[in-house]
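As a plain string of letters, each chain reads:
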Amino acid sequence: MLYDLVLKNRSYRRFDESFEISEDVLRELCSYARITPSGANRQFFKFRLTPSGEECEKVFSTLAWAGYLKDGTPIPGERPSGYITIVNDDTLGKGNVMDVGIMAQTILLRATEMGLGGCMIGSIKRKELAKILSLSDKHEIMLVIALGKPVETVVIEEAVDGEIKYRRDEERVHHVPKRPLSELII
């Protein structure tokens, strides 16, 4: 069951933009992240929610998508319906990036259970996004999680000869090569 959930939890980049995501759904996703492990239980991170609406387009404009793909940026109609921006609250200290990853993965696993999909995005115009989201100087943007109802098929494949670049085929199926387990265990 967990294996199937992890397999289904992919980095989706095409969504049904007409599907709305409410603030309540985003809050539920963050409630799962809130209870994840945190180094020394410091809990440095906070969430800025962007449900469906006008602000989504502004957030979208600050993000870079799918570096390996020529057509990796979602087109109108296939853009995310909501975002969770994870920020470090500097008044609490400097958080551990591992904690960010744990929270983000937990959010995406729960989103997958809910029939949603998402993509963790670290390539961000941070100053511009901070202004759009009215974040104070004490909030350092760590990661943006784009969320929506996926409309693409993502296929996991065995990497051949170390080739790990994801790609889309002529039917727009997204292929993601993964290194074989035999190469990962040393």
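Refer to the structure printed above.
Residues numbered from 1 in each chain as written. Predicted model: local features only at pLDDT ≥ 70, side-chain atom pairs only at ≥ 80, totals over all residues. Heavy atoms only, no water.

Any chance you could explain the pattern of salt bridges here in plain terms?
In a structure, side chains of opposite charge can pair up when their charged atoms sit close to one another. For the structure on display, the rule yields twelve salt bridges. When the shortest N-O distance is used, the salt bridge between E78 and R14 registers 3.1 Å. Here the residue E78 occupies a position in the loop between helix 3 (54-60) and strand 2 (82-89), and R14 occupies one in the loop between helix 1 (2-8) and helix 2 (23-34), the gap between them amounting to 64 residues. With a relative accessible area of 9%, R14 lands in the buried category. As a salt-bridge pair, E28 and R110 come within 2.6 Å of each other at their nearest N and O atoms. Taken together, the residues E28 in helix 2 and R110 in helix 4 (residues 97-113) connect sequence positions 82 residues apart. Because the salt bridges share partners, they merge into one network encompassing R14, E78 and R172. (Salt bridge = Lys/Arg side-chain N within 4 Å of Asp/Glu carboxyl O. Helix = DSSP H or I, 4+ residues; strand = E, 2+ residues; numbered from the N terminus. Buried < 20%, exposed > 50% of the residue type's maximum accessible area, 1.4 Å probe, protein only.)

Any chance you could explain a nonpolar patch on the surface here in plain terms?
Together, Y3, L7 and I156 line one region of the surface with nonpolar side chains, adding up to about 300 Å² of accessible area. Position of L7 among the secondary structure elements: in helix 1. (Patch = residues over 30% accessible without salt bridge, like charges linked within 9 Å, V, L, I, M, F, W, Y side chains within 5 Å. Areas by Shrake-Rupley, 256 points an atom, 1.4 Å probe, with all protein chains shown as cover.)

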